[in-house]
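Descriptive analysis of the structure
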Amino acid sequence: MKTRRVVSRNRHVSTWMLVACGVWLVVLGFYFIVIRPPLLPEDLRFMGASLAQIRLGVPGLESWLAHVFTVLGGFMAGAGVLTVFVAATMPARLKGSAWAIALSGALTVGLMSTLNFVLHSDFRWLLLGPALVWLAGLVFYVAQLDGQGS
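Okay, so let's go over this structure.

Thresholds, definitions, all that
Residues numbered from 1 in each chain as written. Predicted model: local features only at pLDDT ≥ 70, side-chain atom pairs only at ≥ 80, totals over all residues. Heavy atoms only, no water. Helix = DSSP H or I, 4+ residues; strand = E, 2+ residues; numbered from the N terminus. Expected span 1.5 Å × (residues − 1). Buried < 20%, exposed > 50% of the residue type's maximum accessible area, 1.4 Å probe, protein only. Phe/Tyr/Trp six-rings, centres within 6.5 Å; stacked < 30°, edge-to-face > 60°. Bend = angle between axes of the 7 residues up to and from the residue.

An ideal rise of 1.5 Å per residue puts 42 Å on 29 residues; helix α4 (residues 61-89) measures up with 42 Å between its terminal C-alpha atoms. Taken together, the buried positions of α4 are Leu61, Leu65, Phe69, Gly73, Met76, Ala77, Gly80, Thr83 and Ala87.

Structure, rendered in C-alpha coordinates:
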(Lines give C-alpha, C1' and ligand atoms only; values in the text may rest on other atoms or scores of the structure.)
Protein backbone atom coordinates (compact mmCIF):
# COMPACT_ATOMS: atom_id res chain seq x y z
CA MET A 1 0.00 0.00 0.00
CA LYS A 2 2.89 2.38 0.79
CA THR A 3 4.40 1.77 -2.67
CA ARG A 4 1.03 2.54 -4.27
CA ARG A 5 0.85 5.89 -2.42
CA VAL A 6 4.38 6.79 -3.58
CA VAL A 7 3.49 5.82 -7.17
CA SER A 8 0.31 7.88 -7.01
CA ARG A 9 2.12 10.90 -5.56
CA ASN A 10 4.89 10.65 -8.17
CA ARG A 11 2.28 10.38 -10.95
CA HIS A 12 0.51 13.42 -9.58
CA VAL A 13 3.74 15.44 -9.31
CA SER A 14 5.03 14.44 -12.75
CA THR A 15 1.64 15.13 -14.34
CA TRP A 16 1.40 18.62 -12.88
CA MET A 17 5.02 19.46 -13.69
CA LEU A 18 4.57 18.41 -17.31
CA VAL A 19 1.18 20.14 -17.56
CA ALA A 20 2.83 23.32 -16.23
CA CYS A 21 5.52 23.06 -18.91
CA GLY A 22 2.84 22.60 -21.56
CA VAL A 23 0.95 25.66 -20.33
CA TRP A 24 4.23 27.59 -20.32
CA LEU A 25 4.80 26.61 -23.97
CA VAL A 26 1.31 27.83 -24.89
CA VAL A 27 1.87 31.17 -23.12
CA LEU A 28 5.33 31.54 -24.68
CA GLY A 29 3.86 30.76 -28.09
CA PHE A 30 1.28 33.52 -27.71
CA TYR A 31 4.04 35.88 -26.55
CA PHE A 32 5.92 35.17 -29.80
CA ILE A 33 2.74 35.64 -31.87
CA VAL A 34 1.35 38.78 -30.21
CA ILE A 35 3.94 40.63 -28.11
CA ARG A 36 7.55 39.81 -29.07
CA PRO A 37 9.17 42.49 -31.21
CA PRO A 38 11.07 41.27 -34.27
CA LEU A 39 14.41 42.33 -32.81
CA LEU A 40 15.22 42.45 -29.11
CA PRO A 41 18.11 44.55 -27.75
CA GLU A 42 20.05 41.32 -27.20
CA ASP A 43 19.58 40.41 -30.89
CA LEU A 44 21.19 43.69 -31.90
CA ARG A 45 24.04 43.13 -29.41
CA PHE A 46 24.63 39.65 -30.82
CA MET A 47 24.73 40.98 -34.40
CA GLY A 48 26.88 43.95 -33.38
CA ALA A 49 24.64 46.39 -35.21
CA SER A 50 22.18 49.12 -34.37
CA LEU A 51 18.53 48.96 -35.33
CA ALA A 52 19.12 51.80 -37.80
CA GLN A 53 21.94 49.84 -39.46
CA ILE A 54 19.77 46.73 -39.69
CA ARG A 55 16.86 48.69 -41.17
CA LEU A 56 19.13 50.31 -43.73
CA GLY A 57 21.13 47.20 -44.60
CA VAL A 58 18.28 44.69 -44.58
CA PRO A 59 15.03 46.49 -45.31
CA GLY A 60 12.03 44.31 -44.62
CA LEU A 61 13.84 42.11 -42.10
CA GLU A 62 11.58 43.17 -39.24
CA SER A 63 8.35 42.39 -41.10
CA TRP A 64 9.77 39.05 -42.26
CA LEU A 65 10.83 38.18 -38.69
CA ALA A 66 7.33 39.05 -37.45
CA HIS A 67 6.00 36.32 -39.77
CA VAL A 68 8.71 33.89 -38.70
CA PHE A 69 7.94 34.47 -35.02
CA THR A 70 4.22 34.04 -35.64
CA VAL A 71 4.88 30.61 -37.15
CA LEU A 72 7.35 29.74 -34.41
CA GLY A 73 4.88 30.86 -31.75
CA GLY A 74 2.17 28.73 -33.33
CA PHE A 75 4.41 25.67 -33.18
CA MET A 76 5.28 26.43 -29.54
CA ALA A 77 1.64 26.84 -28.57
CA GLY A 78 0.69 23.68 -30.50
CA ALA A 79 3.44 21.68 -28.78
CA GLY A 80 2.20 23.05 -25.46
CA VAL A 81 -1.39 22.00 -26.12
CA LEU A 82 -0.23 18.48 -27.01
CA THR A 83 2.02 18.38 -23.94
CA VAL A 84 -0.85 19.31 -21.64
CA PHE A 85 -3.13 16.73 -23.26
CA VAL A 86 -0.58 13.92 -23.19
CA ALA A 87 0.60 14.67 -19.64
CA ALA A 88 -2.96 14.75 -18.33
CA THR A 89 -4.28 11.69 -20.18
CA MET A 90 -1.38 9.36 -20.92
CA PRO A 91 -1.47 6.00 -19.20
CA ALA A 92 1.47 5.73 -16.84
CA ARG A 93 2.72 2.45 -18.28
CA LEU A 94 2.46 3.22 -21.99
CA LYS A 95 5.58 1.78 -23.61
CA GLY A 96 7.94 4.49 -24.84
CA SER A 97 6.27 7.29 -22.91
CA ALA A 98 9.40 8.17 -20.91
CA TRP A 99 11.40 8.45 -24.13
CA ALA A 100 8.72 10.65 -25.70
CA ILE A 101 8.68 12.94 -22.64
CA ALA A 102 12.49 13.12 -22.60
CA LEU A 103 12.85 13.82 -26.32
CA SER A 104 10.04 16.36 -26.51
CA GLY A 105 11.48 18.22 -23.51
CA ALA A 106 14.99 18.16 -24.97
CA LEU A 107 13.76 19.50 -28.32
CA THR A 108 11.54 22.23 -26.86
CA VAL A 109 12.46 23.75 -23.51
CA GLY A 110 15.91 22.10 -23.32
CA LEU A 111 17.12 23.36 -26.70
CA MET A 112 15.63 26.82 -26.11
CA SER A 113 17.32 27.13 -22.73
CA THR A 114 20.67 25.87 -24.03
CA LEU A 115 20.73 28.23 -27.01
CA ASN A 116 19.79 31.18 -24.82
CA PHE A 117 22.89 30.45 -22.74
CA VAL A 118 25.03 30.12 -25.87
CA LEU A 119 23.72 33.51 -27.07
CA HIS A 120 24.11 35.07 -23.60
CA SER A 121 20.43 36.05 -23.73
CA ASP A 122 19.05 38.43 -21.16
CA PHE A 123 16.40 35.76 -20.51
CA ARG A 124 18.74 32.75 -20.14
CA TRP A 125 18.20 32.27 -16.40
CA LEU A 126 14.45 32.72 -16.72
CA LEU A 127 14.33 30.14 -19.53
CA LEU A 128 16.33 27.64 -17.49
CA GLY A 129 13.38 27.27 -15.09
CA PRO A 130 10.97 25.49 -17.46
CA ALA A 131 13.76 23.16 -18.64
CA LEU A 132 14.47 22.18 -15.03
CA VAL A 133 10.76 21.70 -14.30
CA TRP A 134 10.47 19.46 -17.38
CA LEU A 135 13.52 17.46 -16.26
CA ALA A 136 12.08 17.09 -12.75
CA GLY A 137 8.74 16.00 -14.21
CA LEU A 138 10.56 13.37 -16.26
CA VAL A 139 12.45 12.15 -13.18
CA PHE A 140 9.19 11.83 -11.20
CA TYR A 141 7.54 10.08 -14.16
CA VAL A 142 10.39 7.55 -14.48
CA ALA A 143 10.39 7.03 -10.69
CA GLN A 144 6.68 6.31 -10.91
CA LEU A 145 7.32 3.75 -13.66
CA ASP A 146 10.05 2.10 -11.57
CA GLY A 147 7.70 2.02 -8.58
CA GLN A 148 5.24 -0.01 -10.67
CA GLY A 149 7.87 -2.56 -11.59
CA SER A 150 8.03 -1.49 -15.25
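From this point, the narrative continues.
Taken as a whole, this structure holds three aromatic pairs when the rule is applied. Taking 4.8 Å as the distance between ring centres and 90 degrees as the angle between the ring planes, the aromatic pair formed by Phe117 and Trp125 counts as edge-to-face. By relative accessible area, which is 25% here, Phe117 ends up partly exposed. Residue classification places Trp125 among the exposed residues on the basis of a relative accessible area of 59%.

Turning our attention to helix α5 (residues 97-118). With 22 residues, α5 extends 30 Å from end C-alpha to end C-alpha; this agrees with the ideal 32 Å at 1.5 Å per step. The largest bend in α5 is about 40 degrees, located at Gly110. Along α5, the residues that are buried comprise Ser97, Ile101, Gly105, Val109, Met112, Ser113 and Asn116. Two residues or fewer after α5 comes His120, characterised by a positive phi angle close to 55 degrees.

In short, shape yes, function no, at least from these values alone.
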